[in-house]
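The chain contents come next:
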Amino acid sequence: MATKAYAALLRGINVGGSKKVPMARLRPLIEGLGHGDVRTYLQSGNATFSSEHGDEETLAAQLSEAIEKEFGFAVDVIVRDHAYLASVADACPFDADSLEAKQLHVTYFSGPVDPERFAPVDPAAFAPEDFRLGPRELYLYAPEGLGRSKLATVLARPALNKGLIATTRNWNTVVKLVEMTGA
């Protein structure tokens, strides 16, 4: 099996003093699972690595289990390969080059997203904010930033995301993870 580059997206760590996962401890944990070229980006749960073992779901489950064993709490993990990450950046329906990174976000989902799930959300009611769905991702344009976005609050409702892990990254991180997995 060939070695592939992946990004691990950890959900809800190092936010507000809870679920502390120091990146200096995460790197050797990932290496201990047999992966190479391990790097982390920021403190918000982004790691890249190379591996020849398994598929994205298996890699995510192994990392989630290792984190719980090491740190004593459960963390949802999504793992995606370079090709997927690059396709998400390339398929952005908004003009990423003309927007500030804080205005554009991608929510990655653990599985396919049925557009019917989000049909009750009327983007026009939140204008100028807007969103678009991809196969396993949601693009959000929030001109005032994620923290002030009323649409982001609605899109994050548990009923809309039921049965899926969802984790959001700003555009700078989206681009950086493509870069880090492409090296």
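Preceding this paragraph is the structure being described.
Residues numbered from 1 in each chain as written. Predicted model: local features only at pLDDT ≥ 70, side-chain atom pairs only at ≥ 80, totals over all residues. Heavy atoms only, no water.

Asks: Could you clarify how one ought to interpret the overall build of the protein in this entry?
Replies: Secondary structure assignment for the protein yields seven helices and eight strands. Relative to its length of 183 residues, the protein is compact, with a C-alpha radius of gyration of 16 Å against a globular reference of 16 Å. Taken along its principal axes, the extent of the C-alpha atoms in the protein is 50 × 30 × 30 Å. Of all 183 residues assigned to the protein, the portion counted as buried reaches 49%. A separation threshold of at least 6 residues defines the contact pool for the protein, and within that pool the share at least 24 residues apart is 68%. Within the protein, one finds 19 positive and 23 negative side-chain charges whose respective centroids are separated by 7 Å. (Helix = DSSP H or I, 4+ residues; strand = E, 2+ residues; numbered from the N terminus. Rg over C-alpha atoms; globule rule 2.2 N^0.38 Å. Buried < 20%, exposed > 50% of the residue type's maximum accessible area, 1.4 Å probe, protein only. Contact = heavy atoms within 4.5 Å. Lys, Arg positive; Asp, Glu negative; His and termini not counted. Charge placed at Lys NZ, Arg CZ, Asp CG, Glu CD.)

Asks: How should I be thinking about the pairing of strand S2 (residues 36-41) in this particular structure?
Replies: Here is the key point about a regular strand: its side chains alternate between the two faces of the sheet. One ladder, built from four bridges, connects S2 with strand S3 (residues 46-51); its direction is antiparallel. Along S3, the bridge assignment pairs Thr40 with Ala47. In this structure, the hairpin formed by S2 and S3 is closed by a connection of four residues, where Leu42 is found at a positive phi of approximately 60°. (Pairing = 2+ DSSP bridges.)

Asks: Teacher, can you tell me more about the layout of surface pockets here?
Replies: Remark: the empty space left among the atoms is shown by a probe the size of a water molecule rolled over them. Of the pockets and cavities examined, the largest pocket occupies roughly 690 Å³. Around the largest pocket sit 30 residues that line it, and Arg11, Leu146, Ala166, Thr167 and Thr168 are the ones nearest its centre. Taken together, the elements giving at least two residues each to the lining of the largest pocket come down to strand S5 (104-109), strand S7 (137-141), helix H5 (150-155), helix H6 (158-161) and strand S8 (166-170). If one sorts the elements of the lining of the largest pocket by residue count, S8 sits on top with five residues. A class-by-class count of the residues in the lining of the largest pocket yields 17 nonpolar, nine polar and four charged. (1 Å grid on protein atoms, 1.4 Å probe; cavity = no way out; pocket = protein on both sides within 12 Å on 5 of 7 lines; lining within 4 Å. Points joined across faces, edges and corners; volume = space filled by probe spheres on them. Nonpolar A, V, L, I, M, F, W, Y, C, P; charged D, E, K, R; others polar.)

Asks: Even after reading the chapter, I still don't get the nonpolar core, so can you show me in this structure?
Replies: Soluble globular proteins tend to bury their nonpolar side chains together. Leu10, Leu26, Leu63, Ile67 and Val77 are the most contacted members of the largest nonpolar core, which has 22 residues in total. Residue assignment for this core shows that the elements contributing at least two residues are strand S1 (4-10), helix H1 (23-32), S3, helix H2 (56-71) and strand S4 (77-81). When residues of this core are assigned to their parent elements, the largest contribution, six residues, is made by H2. Once residues lying within four places of it in the same chain are set aside, the contact partners of Leu26 are Leu10, Val21, Thr40, Ala47, Leu63 and Ile67. Judged by nonpolar contacts, the second largest core, of 21 residues, contains Leu85, Leu104, Val106 and Tyr141. (Core = buried A, V, L, I, M, F, W, Y, C linked by side-chain atoms within 4.5 Å.)

Asks: In this structure, what is going on with the side chain of Asn46? I would like to understand it.
Replies: Positionally, Asn46 belongs in strand S3. There is a polar contact of 2.6 Å between the side chain of Asn46 and the side chain of Arg169. The contacts of Asn46, once residues within four sequence positions are left out, are Ala8, Leu9, Arg39, Thr40, Tyr41, Arg169, Thr173 and Leu177. (Polar contact = N/O pair within 3.5 Å; in protein donor to acceptor, adjacent residues only side chain to side chain.)

Asks: It is not clear to me how H1 should be interpreted in this structure. Could you clarify?
Replies: Within an α-helix, residues lying three or four positions from one another point in the same direction, as the helix has 3.6 residues per turn. Every buried residue of H1 is accounted for by Met23, Leu26, Leu29 and Ile30. All buried residues of H1 lie within an arc of 115° about the axis, which places them on one face of the element. Opposite the buried face of H1, by more than 90 degrees, sit the exposed residues Ala24 and Gly32. Where H1 is buried, its residues contact S1, S2, S3 and H2. Once H1 finishes, Gly34 follows within two positions and takes phi at roughly 95°, a positive value. (Arc of directions from axis to C-beta.)

Asks: Looking at this structure, I do not really get the pattern of salt bridges. What am I missing?
Replies: Between side chains of opposite charge, a pair can form as their charged atoms come close. This structure, assessed with the given rule, holds six salt bridges. The residue Arg132 makes a salt bridge to Asp130 at a minimum N-O spacing of 2.6 Å. Under the relative-accessibility criterion, Arg132 is labelled partly exposed at 38%. Put simply, Lys176 and Glu179 hold a salt bridge, and the shortest N to O gap is 3.0 Å. Taken together, the positions of Lys176 and Glu179, both in helix H7 (residues 171-182) and three residues apart, correspond to about one turn of that helix. Residue Lys176 is classed as partly exposed on the basis of its relative accessible area of 27%. Each member of the salt-bridge network shares a partner with another, and the members are Glu56, Arg80 and Arg136. (Salt bridge = Lys/Arg side-chain N within 4 Å of Asp/Glu carboxyl O.)

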